[in-house]
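Commentary on secondary and tertiary structure
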Amino acid sequence: MSTAVSVRPGHESGVGVLDKASLLLGVLENGPASSARIVAASGLARPTVYRLAVALERLRLVTRDSRGRYMLGPRLGDMAVEVRGERLVEAAGPVLAGLRDRTHADARLYRRRGDLQVCVATAELSPALGEKEPVGAAFPMTSGAVAQVLLAWEEPDRLYEGLRRARFTAETLSCVRRRGWAQSVGEREPGVATVTAPVRGRDGRVVAALSVSGPVARLTRQPGQTYGSAVIEAAARLGDLSGR
């Protein structure tokens, strides 16, 4: 038996269509639902449910499952990732500093923005030792350990689309998933080695990439073997601190 959903007192927007959309989304918070179930649970008229569902589907706020039932759409997940991303940046400082001191390498946090990997937090060595890369620096998702980590655990369609432009292969990403880290040497900048691990949200989704980088002479040409475990541990700690 369906449970009726209502807008709680004090939570009305004052805009009728928005409150109706909120009712519809409230039904879908409990899982996929047919049009008939949405009508029964929300009290909305069937034509209203149809119009709202179609509009919300166009906005990617609603989607459909294999049985044609409505369910919460991917854009809501993307919004949640953005909220977690802000908490990540707030929590990143001590974790990055600890990783920098442990590895004697620059430590940085990256997030994906469309087709770009963007540096959102750093803990760098002194100018004489480190490779400088300021917060806000952005690079294409086509090469390097950071791009590999941000792409390796994507949904199949986004992974396939990313690989079309990438300089690495599906086999490379398979290795990244198996090891839990990615490494690159001189791919984005000559003479620089990098090790990167995924930062995960509460649902297991990769929301950022934690990376250390420095001269090959110090990190070696197989930096993952030496620093992979340290980067994985720091990434897991950052996920915990930011509310996994």
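Located above this text is the structure these notes cover.
The structure presented is a predicted model; accordingly, all values stated were derived computationally and were not measured. (Residues numbered from 1 in each chain as written. Predicted model: local features only at pLDDT ≥ 70, side-chain atom pairs only at ≥ 80, totals over all residues. Heavy atoms only, no water.)

The next thing to look at is the overall build of the chain. From N to C terminus, the chain includes 9 helices and 8 strands. Within the span of the chain, comprising 244 residues, buried residues form 45% of the whole. For the chain, the proportion of contacts with a sequence separation of at least 24, taken over those separated by at least 6, is 54%. Counting only carbon and sulfur atoms, one obtains 53% of the accessible surface of the chain, whose full area is about 12800 Å². (Helix = DSSP H or I, 4+ residues; strand = E, 2+ residues; numbered from the N terminus. Buried < 20%, exposed > 50% of the residue type's maximum accessible area, 1.4 Å probe, protein only. Contact = heavy atoms within 4.5 Å. Areas by Shrake-Rupley, 256 points an atom, 1.4 Å probe, with all protein chains shown as cover.)

Let's shift gears to the pairing of strand β8 (residues 206-215). Two faces, one strand: in a regular strand the side chains alternate between the faces of the sheet. Of all 10 residues making up β8, 9 are buried, and the element is well covered by its neighbours. Relative to β8, strand β3 (residues 106-113) runs antiparallel, the two being bridged by 5 bridges. The residue of β8 that forms the bridge with tyrosine 110 is alanine 209. Between the end of strand β7 (residues 192-200) and the start of β8, which pair antiparallel, lie 5 residues, with glycine 204 showing a positive phi angle near 90 degrees. (Pairing = 2+ DSSP bridges.)

Counting 30 residues, the largest nonpolar core has Leu96, Leu99, Leu109, Val199, Leu210 and Leu238 as the members making the most contacts within it. Among the elements of the structure, α4 (74-103), β3, β4 (116-123), β7, β8, α8 (216-219) and α9 (223-241) are those that each provide at least two residues to this core. Valine 199 has contacts with Leu88, Leu109, Arg205, Val206, Val207, Ala208, Leu210, Ala235, Leu238 and Gly239, leaving out every residue within four places of it along the chain. Ala147, Leu151, Ala166 and Phe168 belong to the second-largest nonpolar core, a separate cluster that totals 18 residues. (Core = buried A, V, L, I, M, F, W, Y, C linked by side-chain atoms within 4.5 Å.)

A few words on the pairing of strand β6 (residues 182-185). One ladder, built from 4 bridges, connects β6 with β7; its direction is antiparallel. Residue glutamine 183 lies in a different strand from β7, and its bridge partner there is valine 195. Hairpin remark: β6 followed by β7, antiparallel, with 6 residues in the connecting loop; positive phi at glycine 186, about 70 degrees.

Scanning the entire structure with this criterion turns up 0 aromatic pairs. The ring of tryptophan 181 has arginine 179 sitting right over it, with the charged end atom 4.1 Å from the ring centre. (Phe/Tyr/Trp six-rings, centres within 6.5 Å; stacked < 30°, edge-to-face > 60°. Lys NZ or Arg CZ within 6 Å of the ring centre and 35° of its normal.)

Side chains carrying opposite charge are able to pair once their charged atoms draw close together. Here the structure, examined in full by the defined rule, presents 11 salt bridges. In this structure, arginine 108 engages aspartate 106 in a salt bridge whose closest nitrogen and oxygen atoms are separated by 3.3 Å. Residue aspartate 106 is classed as buried on the basis of its relative accessible area, which comes to 0%. A salt bridge links glutamate 154 to arginine 112, with the shortest nitrogen-to-oxygen separation between them at 3.0 Å. Here arginine 112 lies in strand β3 and glutamate 154 lies in the loop between α5 (144-152) and α6 (156-165), a separation of 42 residues in the sequence. Each member of the salt-bridge network shares a partner with another, and the members are Asp115, Glu161, Arg164 and Arg165. (Salt bridge = Lys/Arg side-chain N within 4 Å of Asp/Glu carboxyl O.)

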